[in-house]
Amino acid sequence: MTKYYDIVIIGCGVIGSSIAYHLSEQKQKDILVVDKGFPLSGTSGSTQAWVWVHNKTPSWYGELSMYSAELYPFLGKKIGDVEYKRTGGIAPFFNESEREQALKLAEAQAAVGIKVDVLNRDQVLQKEPSLSPSIAGATYSDIDGNVNPFRLVELYIKAAQRNHVQFTFYNPVLDIKKEKGLFKILTKKEETITADKVIVAGGPWTKEIGEMMGVHIPVKQVRGQIIVTEPLAPFLTHTIGGMRQAENGEVLIGYSKEEVGYDRRTTLDVIQETARMAVDYVPALDKANVVRSFSGIRVIPKDGFPIVGTIPGVQNAFIATMHSGITLSPLIGTLMTELLMEGETSIDLGRLSLRRFMKASEKI
Ligand SMILES: Cc1cc2nc3c(=O)[nH]c(=O)nc-3n(C[C@H](O)[C@H](O)[C@H](O)COP(=O)(O)OP(=O)(O)OC[C@H]3O[C@@H](n4cnc5c(N)ncnc54)[C@H](O)[C@@H]3O)c2cc1C
């Protein structure tokens, strides 16, 4: 059976579901979201979920992150309580020599409106008394925080469903062809879906989806392992570079990066290293029990920055893939909606275009 949609979004993580919701607010289009698994089966279900801004560099990238963080309070009002908390963010440094760098960061971020304070040890410990007295200082900003990624994706989907967006799960896209100007999308449930426009939001699998359209999307997969403590009485009030305490008292710790493809196992060496890092930052954690660990696969574009916009050479095909998708999802949903509905965006997406990776001969 062939079904027609105006827009098909491939991938229902935080990026695909955000785009679906924001598009659906326009109430003009028949939209389908296809996922090979369930909504949080990709990276969005295995993340730290900081809404993190202050030390994102270069500054234009920090600025984008700030715009997105500023949308979070409004998002909660529209789709429901996503448990977004603007806790303030602390990025400690352990060596005086890093202070110079921190001051440069603060100056550069100030130029785009991000307020970063460079704190000395006493000021940091006043803010977050559990941090180790061995730290030399920290950069700090009010703008940082975190969100519950499970609530976020669930509420994007529910809001989109209320606006008549359709979803199909456990239904991998196997092939994409273009015939007479329309996309023919073959899925495992043996439906052929016809679509006017396609948005690739496949997270770590974006490359494979690109190949179905004959397009090379230069992303790598980078595993991150997280350890989770037993629920502890609330004692960390800020989001701290490396860890955060969730609403239920668990502390999520980790910032490892390993290029091991799609392997989502956790490994003892990284778990031990992460636990050591945790105790270096917060000595009291040496008494906490670790109750679980998990890993997720980051999708990291070749130069580290998001790929967002049209897919050059394939008319009516679009892409949105990035690390820091939790931070960026409200902004990306907004910008992709502008792009699809109006053909232009309120923020220039030139820097984020897939075109930047293409050889001069491929640019069209
Ligand atoms: C350990 C770790 C910590 C992180 N911490 C943070 C953080 O603190 N803050 C932050 O902002 N970001 C963080 N990130 C990054 C963030 O989680 C990701 O950028 C974000 O989740 C990506 O969302 P996505 O929707 O693009 O991808 P995904 O959530 O992976 O969604 C992609 C979806 O596409 C589907 N799909 C793929 N191929 C197909 C196909 N052929 N057919 C149908 N469906 C398909 C998948 O099933 C999947 O559901 C972290 C990531 C990791 C791993």
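As annotated in an unreviewed UniProt entry, the chain carries the name FAD-dependent oxidoreductase and is attributed to Halobacillus naozhouensis.

Engineer: Looking at this model, I keep getting lost on the layout of surface pockets. Mind explaining?
Structural biologist: Empty space among the atoms becomes visible once a probe the size of a water molecule is rolled across them. In this model, the second largest pocket occupies a volume close to 570 Å³. In this structure, the second largest pocket is lined by 30 residues; those nearest its centre are Arg244, Gln245, Ala246, Glu247 and Asn248. Those elements that provide at least two residues to the lining of the second largest pocket are α5 (149–162), β14 (243–245) and β16 (290–301). Counted by class, the lining of the second largest pocket contains eleven nonpolar, 13 polar and six charged residues.

Engineer: Please clarify how the nonpolar core should be interpreted in this entry.
Structural biologist: General note: in soluble globular proteins, nonpolar side chains tend to be found buried as a group. Among the nonpolar cores identified, the biggest contains 58 residues, and Ile9 and Met336 are the most heavily contacted of them. Looking at this core, the elements with two or more residues in it are β1 (2–10), α1 (14–24), β2 (31–34), α2 (59–79), α3 (97–110), α5, β18 (317–321) and α8 (325–342). Among the elements that make up this core, the one with the highest residue count is α8 (nine residues). Residues in contact with Ile9, not counting those within four places in the same chain, are Gly16, Ile19, Ala20, Leu23, Ile31, Leu32, Val33, Val34, Ile199 and Ala201. Val8, Ile209, Met213 and Val215 belong to the second largest nonpolar core, which has 25 residues in total.

Engineer: Just to check I follow, could you spell out the UniProt feature "domain: FAD dependent oxidoreductase" (unreviewed entry) in the chain for this structure?
Structural biologist: Following the UniProt record, one finds the feature "domain: FAD dependent oxidoreductase" (unreviewed entry) at residues 6–339. Between the C-alpha atoms that bound residues 6–339 the distance is 15 Å, and the span itself is 31% helix and 28% strand.

Engineer: Help me understand the site of the ligand in this model?
Structural biologist: Taken together, 39 residues are adjacent to the ligand, and Asp35, Thr43, Ser44, Trp50 and Thr327 come closest. Lys36 is positioned with one of its backbone polar atoms (N or O) 2.8 Å from a nitrogen atom of the ligand. At 3.2 Å from an oxygen atom of the ligand is found a main-chain nitrogen or oxygen belonging to Ala49. Coverage of the ligand by the protein amounts to 97% of the 1,000 Å² it exposes when considered alone. Residue assignment for the shell around the ligand shows that the elements contributing at least two residues are α1, β12 (219–229), β16 and α8.

Engineer: Would you explain the pairing of strand β9 (residues 173–179) in this entry?
Structural biologist: Side-chain positions along a regular strand alternate between the two faces of the sheet. Strand direction decides the pairing type here: β9 and strand β10 (residues 182–187), joined by six bridges, are antiparallel. Looking at the pairing, Ile176 lines up with Ile185 of β10. The hairpin formed by β9 and β10 contains two residues between the paired strands, and Lys180 there has a positive phi angle of roughly 50 degrees.

Engineer: I would appreciate a short explanation of the packing of aromatic side chains in the present structure.
Structural biologist: Here the distance between the centres and the angle between the planes together describe a pair of aromatic rings. All told, the structure shown has eleven aromatic pairs when counted by the stated rule. With centroids separated by 4.9 Å and ring planes inclined at 20 degrees, the aromatic side chains of Tyr72 and Tyr84 adopt a geometry described as stacked. Here Tyr72, found in helix α2, pairs with Tyr84, found in the loop between α2 and β4 (89–93); they are twelve residues apart in sequence, far enough to count as distant. Among the aromatic residues, ring-to-ring pairing joins Trp50, Trp52 and Tyr255 into one connected group. The ring centre of Trp205 lies 3.8 Å from the NZ or CZ of Lys36, which sits over that ring. Lying across the ring of Tyr255, Arg298 places its NZ or CZ 5.2 Å from the centre.

Engineer: I'm lost on the environment of Pro218 in this one. Help?
Structural biologist: Looking at where Pro218 falls in the secondary structure, it is placed in the loop between α6 (206–212) and β12. Expressed as a C-alpha distance, the spacing of Pro218 and Ser134, which sit 84 residues apart in the sequence, is 40 Å.

Engineer: Before we go on, may I ask you to explain the side chain of Ser17 in this structure?
Structural biologist: When you line up the elements, Ser17 lands in helix α1. Assessed through its relative accessible area of 0%, Ser17 is described here as buried. Here Val14 takes part through its backbone oxygen, which lies 3.5 Å from a polar atom of the side chain of Ser17. Ignoring anything within four residues of it in the chain, the contact list for Ser17 reads Cys12, Val153, Tyr156 and Ile157.

Engineer: Looking at this structure, how should I read unusual backbone geometry?
Structural biologist: Leaving glycine out, the prevailing phi sign among residues is negative, and the prevailing peptide bond configuration is trans. The residue after Thr57, namely Pro58, is reached through a cis peptide bond having omega -5 degrees. Relative to the helices and strands, Pro58 resides in the loop between β3 (50–51) and α2. We note that Lys180 has phi near 50 degrees; this positive angle belongs to a residue other than glycine. The topology assignment puts Lys180 in the loop between β9 and β10. Relative accessible area serves as the criterion here: at 88%, Lys180 is assigned to the exposed category. We note that Asn316 has phi near 70 degrees; this positive angle belongs to a residue other than glycine. Inspection of the secondary structure assignment puts Asn316 in the loop between β17 (307–310) and β18. Judged by relative accessible area, which is 23%, Asn316 ranks as partly exposed.

Thresholds applied
- Residues numbered from 1 in each chain as written.
- Predicted model: local features only at pLDDT ≥ 70, side-chain atom pairs only at ≥ 80, totals over all residues.
- Heavy atoms only, no water.
- 1 Å grid on protein atoms, 1.4 Å probe; cavity = no way out; pocket = protein on both sides within 12 Å on 5 of 7 lines; lining within 4 Å.
- Points joined across faces, edges and corners; volume = space filled by probe spheres on them.
- Helix = DSSP H or I, 4+ residues; strand = E, 2+ residues; numbered from the N terminus.
- Nonpolar A, V, L, I, M, F, W, Y, C, P; charged D, E, K, R; others polar.
- Core = buried A, V, L, I, M, F, W, Y, C linked by side-chain atoms within 4.5 Å.
- Buried < 20%, exposed > 50% of the residue type's maximum accessible area, 1.4 Å probe, protein only.
- Contact = heavy atoms within 4.5 Å.
- UniProt positions renumbered as here; feature names shortened; annotations may be inferred.
- Near = heavy atom within 4 Å.
- Polar contact = N/O pair within 3.5 Å; in protein donor to acceptor, adjacent residues only side chain to side chain.
- Areas by Shrake-Rupley, 256 points an atom, 1.4 Å probe, with all protein chains shown as cover.
- Pairing = 2+ DSSP bridges.
- Phe/Tyr/Trp six-rings, centres within 6.5 Å; stacked < 30°, edge-to-face > 60°.
- Lys NZ or Arg CZ within 6 Å of the ring centre and 35° of its normal.

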